[in-house]
Amino acid sequence: MQSAWRVIDCTQMHGRLRYVRGRLLVCPDNEEPAQIPLTQIAVILLGQHATCSTALLFEFAEHGISTMLCDWRGVPVGAMHSWGNTPTFVSRRQHAQVSMSLPRQKNAWMQIVKAKIRGQAHCLDICERSGGNELRELAKTVHSGDSTNVEGQAARKYWQYLFDESEDFHRKPGAGEGRNSQFDYAYAVLRGFVVKAIFSAGLSPTFGVNHHNRANYFCLADDLIEPYRPAIDAQIANLDIQDSTLNQESKAALVHAVNAQFNAGLTIPSSINDFAQQFGLYCESKQRALSVPVFGADDEEG
């Protein structure tokens, strides 16, 4: 049984991984190697430039380590899990995830929606738009499971406030042009970070708390991404209107936006990693309530 929860991220590493007497030896090109006890590792993320032997993969399986194979963005595209008799951290956590009661799922979604709307209010504030206080009041009316669809009500007001009439903007996912293409691209990059964080936290991306679709393998990602959208919206809203097309320059700016600071010194990816771990603890009932990050956390609690 694992004595610690460690995620080893080798998605950007160029080099080789080796096994040496119960330890993982990480050997980046032109750098000093590092040794990590296998008993401390729960998940390892392998990129396309990190090489290892099948003997090492066997040791990962023997120690109950989940091995994630990632694409150039660092997003997992495949995985190897142990079939051993000893329950791994990942199997225990995923069992807790799928066994979570409906009331706890609804409570989690309520907290996520509240955080998203409060983040939208902060986005309006920093973009010097009106409507922030109106959204904060709406956030206070969200009930368990968001049974009255306050999220939808807030979204309609939010987009109207964020862009003035001169832009004639209407948010249409998949529209493929103008600001909509910028939002789609940035959200896709953001979703990749969320997917990676979910796997790193030992969770299954398939089982969401609000999104449920057999054709969508990443339902949980589409739940956990919501509090982070306003942080991306603020970046896009401040782009020059003449640069509303999606080109290489704007793509670079949007990728930079996804890596920007979120709250309390954390970058958006770092905050996402923490949030996924918090959700894992919530699934296991190690936390009574789900703590959801809020963009602009200094605003008044709703």
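Residues numbered from 1 in each chain as written. Predicted model: local features only at pLDDT ≥ 70, side-chain atom pairs only at ≥ 80, totals over all residues. Heavy atoms only, no water.

Trainee: An account of the overall build of the chain is requested, with residue identities and associated values reported.
Mentor: Counting secondary structure elements, the chain contains 10 helices and 8 strands. The C-alpha radius of gyration computed for the chain amounts to 21 Å, which stays within 12% of the reference 19 Å derived for 302 residues, consistent with globular compactness. Across the 302 residues of the chain, 49% fall into the buried class. Put simply, 63% of the contacts in the chain that link residues at least 6 apart link residues at least 24 apart. (Helix = DSSP H or I, 4+ residues; strand = E, 2+ residues; numbered from the N terminus. Rg over C-alpha atoms; globule rule 2.2 N^0.38 Å. Buried < 20%, exposed > 50% of the residue type's maximum accessible area, 1.4 Å probe, protein only. Contact = heavy atoms within 4.5 Å.)

Trainee: So, the side chain of Gln-97: which residues are in play, and what are the values?
Mentor: Relative to the helices and strands, Gln-97 resides in helix α2 (residues 89-98). By relative accessible area, which is 4% here, Gln-97 ends up buried. With residues near it in sequence (within four places) discarded, Gln-97 still touches Leu-203, Ser-204, Phe-207, Leu-220 and Cys-283.

Trainee: Which residues make up the state of the cysteines, and what are the values?
Mentor: Tallied over the full model, the rule gives 0 disulfides. Between Cys-27, a cysteine without a disulfide, and Cys-10, which holds the nearest cysteine sulfur, the sulfur-to-sulfur distance is 10 Å. Free cysteine Cys-70: the closest other cysteine sulfur is in Cys-10, separated by 9.6 Å. We classify Cys-70 as buried; its relative accessible area is 5%. (Disulfide = S-S within 2.5 Å.)

Trainee: If you had to explain unusual backbone geometry to someone new, which residues and values would you point to?
Mentor: A negative phi angle characterises most non-glycine residues, just as the trans form characterises most peptide bonds. Residues other than glycine seldom take positive phi values, yet Asn-30 does so here, at roughly 65 degrees. Checked against the element boundaries, Asn-30 lands in the loop between β3 (23-28) and β4 (34-37). Assessed through its relative accessible area of 83%, Asn-30 is described here as exposed. With a phi angle near 50 degrees, Asp-146 is a residue other than glycine that sits in the positive phi range. In this fold, Asp-146 is placed in the loop between α4 (132-139) and α5 (150-162).

Trainee: I'd like a description of the packing of helix α6 (residues 178-200) against helix α10 (residues 268-283), backed by residues and values.
Mentor: Closest axis-to-axis distance for the α6/α10 pair is 8 Å, and the angle between their directions is 40 degrees. Looking at the two axes, α6 sits oblique to α10. The handedness of the crossing between α6 and α10 is right-handed. Residues Leu-190, Phe-193, Val-194, Ala-197, Ile-198 and Ser-200 of α6 form the contact with α10, whose participating residues are Ile-268, Pro-269, Ile-272, Asn-273, Ala-276 and Gln-277. Residue composition of the contact of α6 with α10, by class: 9 nonpolar, 3 polar and no charged. (Axes fitted to C-alpha atoms, helices over the stretch in contact; angles between N-to-C directions. Parallel < 35°, antiparallel > 145°, perpendicular 65-115°, else oblique. Left-handed = near helix turned anticlockwise from the far one by under 90°. Nonpolar A, V, L, I, M, F, W, Y, C, P; charged D, E, K, R; others polar.)

Trainee: Outline the sheet that holds strand β2 (residues 15-20), supporting the account with residue identities and numerical values.
Mentor: Backbone hydrogen bonds hold the strands of a sheet together, and the pairing may be parallel or antiparallel. In space, the 4 strands of this open sheet follow the order β4-β3-β2-β6, with mixed pairing throughout. Lying at the two open borders of the sheet, with one neighbouring strand each, are β4 and β6 (50-51). Judged from the 4 bridges that link them, β3 and β4 form a sheet pairing that is antiparallel. Of the residues in β4, the one forming a bridge with Leu-24 is Ile-36. (Pairing = 2+ DSSP bridges.)

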